[in-house]
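Overview (structure and organization)
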Amino acid sequence: MSVGKKFKIASIGAGNVGASAAQYCLELELGDVVLTDIVEGLPQGKALDLTEAGPIRGYSSQCVGTNDYADIEGSDVVIVTAGLPRKPGMTRLDLLEKNGNIISGICENIKQYAPDSTVIIVTNPLDVMVYLAYQKLGFPPERVIGMAGCLDSSRMRSFVAMELGVSMKNVDTMVLGSHGDDMVPLPHYTTVSGIPITKLLPQERIDAIVERTRKGGGEIVSLLKTGSAFYAPAASAVRMAQSIIRDEKQLLPCAALLTGQYGLEDIYMGVPCVLGKDGVEKILELEISDADQASLHKSAEEVRSGIAGLQERGIL
Ligand code: APR
């Protein structure tokens, strides 16, 4: 009898996103989970709580909590959610300096203890943080990926489904660009069971869905008041981890290092990627309108200004 490899997933940051990601990983039985945080007791308490939910939820993977990075040793996938979340009135770029320092420190530990892992960055401002992580880790770019498009396209899927009164499972969307207000949702690549939404909805309703998708994170921040979204971000990161661990080759929008695609290079941006055991195995270059291409480049400018901000502060 052949026994499959047991995978290990490290969730760095045991806050709202990190703990939810751990929960989803356990429920999918993707592997054993190590929940890591700097706050003493927090990851240990959440890991124990998640373990105690196992008998009811039907999983038996291990979940341990720790403040010691040595415990992430040998992880196959590392999901990084450590950092500060947005408060009302803050943009993702406001988080730049604080989260930049946190990510730099964490990368040192990943390099030391999990040098063969594939790293999924969730911390905002996403496209800048994943570029920073890529530079600090020195891993091949296919093993350093940012979670954004998966979340933005899931938001758009839910808005289309709500608008049409159809199952969310029937809706497929694609959102390119940076994880900010300049992201590029693509209605022409949005379908309901194969039918383009341009055939199902008037232009003004499509425009409203695009706008709501762009502001999707902010909508949750202003409702929660004390933090930012976490269920959908965690679910998105875990969907990526699942595709990597199970070598599913799912085609998902992810922040990947561009090397000329869409006329952009040396920048991380959301593009359609095939995710498998080697991380980003392929980047697809879609035909997009001139207006969408212009938005993509505008969105790249925002990311470049964030990267310059890190350089000015000596973080990069
Ligand atoms: N190492 C490990 N954990 C850390 C570190 C560090 N160096 N610095 C901070 N943390 C932890 C905090 O102690 C906290 O428990 O990161 C956790 C962040 O959790 P929350 O404050 O609940 O934030 P969350 O909602 O999970 O968002 C985390 O994801 O979506 C993004 O914008 C969001 O950047 C934010 C990140």
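Residue numbers restart at each chain and count upward from 1, following the sequence in its written direction. With the structure being a predicted model, the display of local features is reserved for residues of pLDDT at least 70 and the display and counting of side-chain atom pairs for 80 or more, all residues being used for whole-chain, interface and lining totals. For the side-chain quantities, the full set of heavy atoms in the structure was used; hydrogens and water were omitted.

Quick notes on the layout of surface pockets
Residues are called lining when one of their atoms sits within 4 Å of a cavity or pocket point, these points coming from a 1 Å grid over the protein atoms alone, where a cavity is a set in which a 1.4 Å probe fits but cannot get out and a pocket is an open set with protein on both sides within 12 Å along at least five of seven lines. Grid points are joined across faces, edges and corners, and a volume is the space filled by probe spheres set on the points. Empty space within the largest pocket amounts to approximately 700 Å³. Surrounding the largest pocket, 40 residues form its lining, T81, A82, G83, L84 and P85 being those nearest its centre. Numbering goes from the N terminus for both helices and strands, where a helix is a DSSP run of H or I of at least four residues and a strand is a run of E of at least two. Counting only elements with at least two residues in the lining of the largest pocket, the list comes to α1 (16-27), α3 (96-113), α5 (149-164) and α7 (216-224). The domain limits used here are those given by an automatic or database domain assignment. There are two domains that each give the lining of the largest pocket at least three residues, and those are domain 1 (8-146) and domain 2 (149-312). In terms of lining, the second largest pocket is formed by 16 residues, of which the most central are L151, R155, I220, A229 and A232. If you list the elements that add at least two residues to the lining of the second largest pocket, you get α5, α7 and α8 (231-245). Residue polarity follows a fixed list, in which Ala, Val, Leu, Ile, Met, Phe, Trp, Tyr, Cys and Pro are nonpolar, Asp, Glu, Lys and Arg are charged, and the others, Gly among them, are polar. Residue classes in the lining of the second largest pocket are distributed as ten nonpolar, three polar and three charged.

Brief notes about the domain arrangement of the protein chain
Assigned domains of the protein chain: these are domain 1 (8-146) and domain 2 (149-312). One C-alpha centre belongs to domain 1, the other to domain 2; they are set 21 Å apart. On the domain 2 side, the residues contacting the 39 residues of domain 1 number 43 residues. Buried area counts how much accessible surface, traced with a 1.4 Å probe, disappears from two parts once they are put together, with both parts' losses summed. In this assembly, domain 1 packs against domain 2 so that about 3400 Å² is buried in total across both faces, 71% of it on carbon and sulfur atoms. Contacts: residue pairs with any heavy atoms within 4.5 Å of one another.

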